[in-house]
Amino acid sequence: MAAIKYRLIKKDSRTNARLGILETPHGVIETPVFMPVGTQATVKAMTPEELKEIGATIILSNTYHLYLRPGHKIIEKAGGLHRFMNWDRAILTDSGGFQIFSLSSLRKIKEEGVEFRSHIDGSKHFFTPEKVIEIQNALGSDIIMSFDECAPYPADYEYVKNSMELTIKWAERGKKAHKNTEKQALFGIVQGGIYEDLRKECAQRLVEMDFPGYSIGGLSVGEPKNVMYDIVDLTTEYLPENKPRYLMGVGSPDDLIEGVIRGVDMFDCVLPTRIARNGTVFTSKGKLIVRDAPYAEDFSPLDEECDCYTCKNYSRAYIRHLFKANEILAARLATIHNLYFLIKLMERIREAIRQDRLLEFKKQFFKKYGYKEE
Ligand SMILES: CNc1nc2cc(C(N)=O)ccc2[nH]1
């Protein structure tokens, strides 16, 4: 019996958008879904109860960080990551590949694996495809990722081709090493940079290995949006309809809508939580920097159309005051709102797919938010 079961409920009649149900050992997830990021076994500033309250059904946590601190062995002794962080819904962990390349210094990439230094204390470590599977098995996350190299952008064709070949070899080794297939679903990660032939080859070779789901990696790394959208469009073409597709590190409201239209089911992004802590919030009329002076005597909610806990109980003036006074509650209230905004956006997207009016929804949302139509 596989760890997850994806059911395609409905395909949009005019786009590649899909409405789906993803059953996991820690609950049922309606897709398309946005996953709040809980890098170090916590979605910053949120309790698990608050995450449930706003409708989160799955969160992401980072293998690289938890391996370095507190260590996967401690989390295993605690009974696994769900128990350790008191979160009984689904958890997806990434493999650490991206963090090694974006956070740590002194990286040596070999076919065997990657040597790197911890960004915390400079200690030396060596990740192999087998090692990151062992770590994620110890964490007990419901969906785990293969070890991969996220090629930088820009990168030349030869570099990306070699990097993609390595990602394929590492996916094969990780799949062999992963034994806990009944409880933890291992996704393959499609790489290939911005090169169509490499993306197609990578997707096809991963599909031959028959993973329960597929991630689209190597994007949201500085490439233009339209390039990202084109690569997503192209990649999903070679992925099976009956398996979930996860676009890593994406994204902002427009990227979520554009990604759904191109056949993506799962998203994660640090943006909503990170910008919240800096005083920027999403609203139906675009982003708002609530810590700015104009809101000092603005007693309206962050967003008139939002019914989150923050918008029902606090004004822009109060939240601005909290930010100016460096109060912890500022980050909490803004985070609650931003995560609720994206989770609600996914709910409205799912409803629009159900009613076959996704393109109309996009047009209306973009107009109000202030986005230009593609
Ligand atoms: C924020 N952008 C982003 N791109 C990503 C790519 C990967 C990947 N494994 O290629 C993982 C996380 C990512 N986050």
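Within each chain, residues carry numbers counting from 1 in the order of the written sequence. Selection of residues for local features in this predicted model requires a pLDDT of at least 70, selection of side-chain atom pairs for listing and counting requires 80 or more, and totals for whole chains, interfaces and linings are taken over all residues. Only hydrogens and water are set aside; all other atoms, that is, all heavy atoms of the structure, feed into the side-chain values.

**Here we look at the layout of surface pockets**
Now for step 1: As defined here, a cavity is a set of points on a 1 Å grid over the protein atoms alone where a 1.4 Å probe fits but cannot get out. A pocket is an open set with protein on both sides within 12 Å along at least five of seven lines, and residues line them when an atom is within 4 Å of a point. Grid points are joined across faces, edges and corners, and a volume is the space filled by probe spheres set on the points. By volume, the largest pocket amounts to about 720 Å³.
Now for step 2: In terms of lining, the largest pocket is formed by 35 residues, of which the most central are Asn62, Phe98, Gln99, Asp268 and Val270.
Now for step 3: Going through the elements one at a time, β5 (58-62), α5 (97-103) and α11 (271-277) are the ones with two or more residues in the lining of the largest pocket.
Now for step 4: With five residues, α5 is the single largest residue contributor to the lining of the largest pocket.
Now for step 5: Its residues assigned to classes, the lining of the largest pocket shows twelve nonpolar, 17 polar and six charged.
Now for step 6: Space inside the second largest pocket adds up to approximately 300 Å³. Labels follow the DSSP assignment, with helices taken as runs of H or I lasting at least four residues and strands as runs of E lasting at least two, numbered in each case from the N terminus. For this classification, Asp, Glu, Lys and Arg are treated as charged, while Ala, Val, Leu, Ile, Met, Phe, Trp, Tyr, Cys and Pro are nonpolar and the rest, including Gly, are polar.

**Section: the site of the ligand**
Now for step 1: In the vicinity of the ligand, the residues found are Phe98, Asp148, Cys150, Gln191, Gly217, Gly218, Leu219, Ser220, Val221, Met248 and Gly249.
Now for step 2: Here an oxygen atom of the ligand sits 2.8 Å away from a polar atom, N or O, in the side chain of Gln191.
Now for step 3: A distance of 2.8 Å separates a nitrogen atom of the ligand from a polar atom in the backbone of Ser220.
Now for step 4: Surface burial for the ligand is 85%, taken as the share of its 350 Å² of free accessible area covered by protein chains.
Now for step 5: Pocket occupancy is defined atom-wise: a molecule lies in a cavity or pocket when more than half of its atoms are within 2 Å of its grid points. In a pocket analysis with a 2 Å cut-off to the grid points, the ligand is assigned to the largest pocket. Near residues are defined by distance, with any heavy atom within 4 Å of the molecule or strand qualifying the residue. Any N or O atom pair separated by 3.5 Å or less is treated as a polar contact, with the protein-specific requirement of one donor-capable and one acceptor-capable atom, and with residues adjacent in sequence counted only for side-chain atom pairs. The Shrake-Rupley method, run with a 1.4 Å probe, gives the accessible areas here. Residue values count only the displayed protein chains as cover.

**Overview of unusual backbone geometry**
Now for step 1: Following Arg69, the chain continues into Pro70 via a peptide bond in cis, with omega recorded as 10°.
Now for step 2: Within the secondary structure, Pro70 is located in the loop between α2 (63-68) and α3 (72-77).
Now for step 3: A cis amide bond links Tyr153 to the next residue, Pro154, at an omega of -5°.
Now for step 4: Here Pro154 shows up in the loop between β10 (143-145) and α7 (157-177).
Now for step 5: Although it is not a glycine, Ala45 sits at a positive phi angle of roughly 80°.
Now for step 6: With respect to the helices, strands and loops of the structure, Ala45 is situated in the loop between β4 (33-35) and α1 (48-53).
Now for step 7: The residue Asp356 is not glycine, and still its phi comes out positive at about 55°.
Now for step 8: As for its placement among the helices and strands, Asp356 is situated in the loop between α14 (328-354) and α15 (358-369).
Now for step 9: Residue Asp356 is classed as partly exposed on the basis of its relative accessible area of 29%. Only protein chains enter the accessibility calculation, which uses a 1.4 Å probe. A residue is then buried if its area is under 20% of the maximum for its type, exposed if over 50%, and partly exposed in between.

**Section: α7**
Now for step 1: Between its terminal C-alpha atoms α7 stretches 30 Å, which fits the 30 Å expected from 21 residues at 1.5 Å a residue.
Now for step 2: Taken together, the buried positions of α7 are occupied by Val160, Ser163, Met164, Glu165, Leu166, Thr167, Ile168, Trp170, Ala171, Arg173 and Gly174.
Now for step 3: In what follows, a contact means two residues having at least one pair of non-hydrogen atoms within 4.5 Å. For α7, the secondary structure elements touched by its buried residues are β7 (105-109), β8 (114-117), α6 (129-139), β11 (185-190) and α8 (196-208). A helix is expected to span 1.5 Å multiplied by its residue count minus one.

**Topic: the sheet that holds strand β3 (residues 27-31)**
Now for step 1: With antiparallel pairing, three strands are arranged side by side in an open sheet as β1-β2-β3. Unpaired on one side and paired on the other, β1 (5-11) and β3 mark the two borders of the sheet. The mean inter-strand angle of the sheet, taken between neighbouring strand axes irrespective of direction, is 15°.
Now for step 2: In this description, strands pair whenever DSSP reports at least two bridges between them. Here strand β2 (residues 18-24) pairs with β3 via five bridges, running antiparallel. Paired with Thr24 across the strands is Gly27, a residue of β3.
Now for step 3: Throughout, an axis means a line fitted to C-alpha atoms (over the contacting stretch in the case of helices), and angles, computed between N-to-C directions, take values from 0 to 180 degrees. The strands touched by α14 within the sheet are β1, β2 and β3, with β2 carrying the most contacts at an inclination of about 120°.

**A few points about the packing of aromatic side chains**
Now for step 1: Pairing of aromatic rings covers Phe, Tyr and the six-membered ring of Trp, with a centre-to-centre limit of 6.5 Å; geometry is then stacked below 30 degrees between planes, edge-to-face above 60, and tilted otherwise. Summed over all chains, the structure comprises 16 aromatic pairs.
Now for step 2: Taking the centre distance of 5.7 Å and the plane angle of 45° together, the rings of Tyr64 and Phe116 count as tilted. On the criterion of sequence distance, the pair formed by Tyr64 in helix α2 and Phe116 in strand β8 is long-range, its members being 52 residues apart. Neither Tyr64 nor Phe116 differs from the other in exposure class; each is buried.
Now for step 3: Judged by centre distance (4.4 Å) and plane angle (20°), the ring pair of Tyr369 and Tyr371 falls under stacked.

**So, the side chain of Lys243**
Now for step 1: On the secondary structure map, Lys243 appears in the loop between α9 (225-237) and β13 (245-247).
Now for step 2: For Lys243, a relative accessible area of 17% gives the class buried.
Now for step 3: A distance of 2.9 Å separates polar atoms of two side chains, one belonging to Lys243 and the other to Asp210.
Now for step 4: Excluding its chain neighbours within four sequence positions, the residues that come into contact with Lys243 are Tyr6, Arg18, Asp210, Phe211, Pro212, Gly213, Tyr214 and Asp265.

**Description of the environment of Met46**
Now for step 1: Following the sequence through the fold, Met46 ends up in the loop between β4 and α1.
Now for step 2: The class for Met46 is buried, based on a relative accessible area of 7%.

**Description of the sheet that holds β8**
Now for step 1: Strand order across the open sheet formed by three strands is β7-β8-β9, with antiparallel pairing between neighbours. With partners counted over all chains shown, the strands left at the sheet margins are β7 and β9 (124-127), one partner each. Strand after strand, the sheet turns through a mean of 15° between neighbouring axes, direction not considered.
Now for step 2: Bridge analysis of β7 against β8 gives three bridges, and the strand direction is antiparallel.

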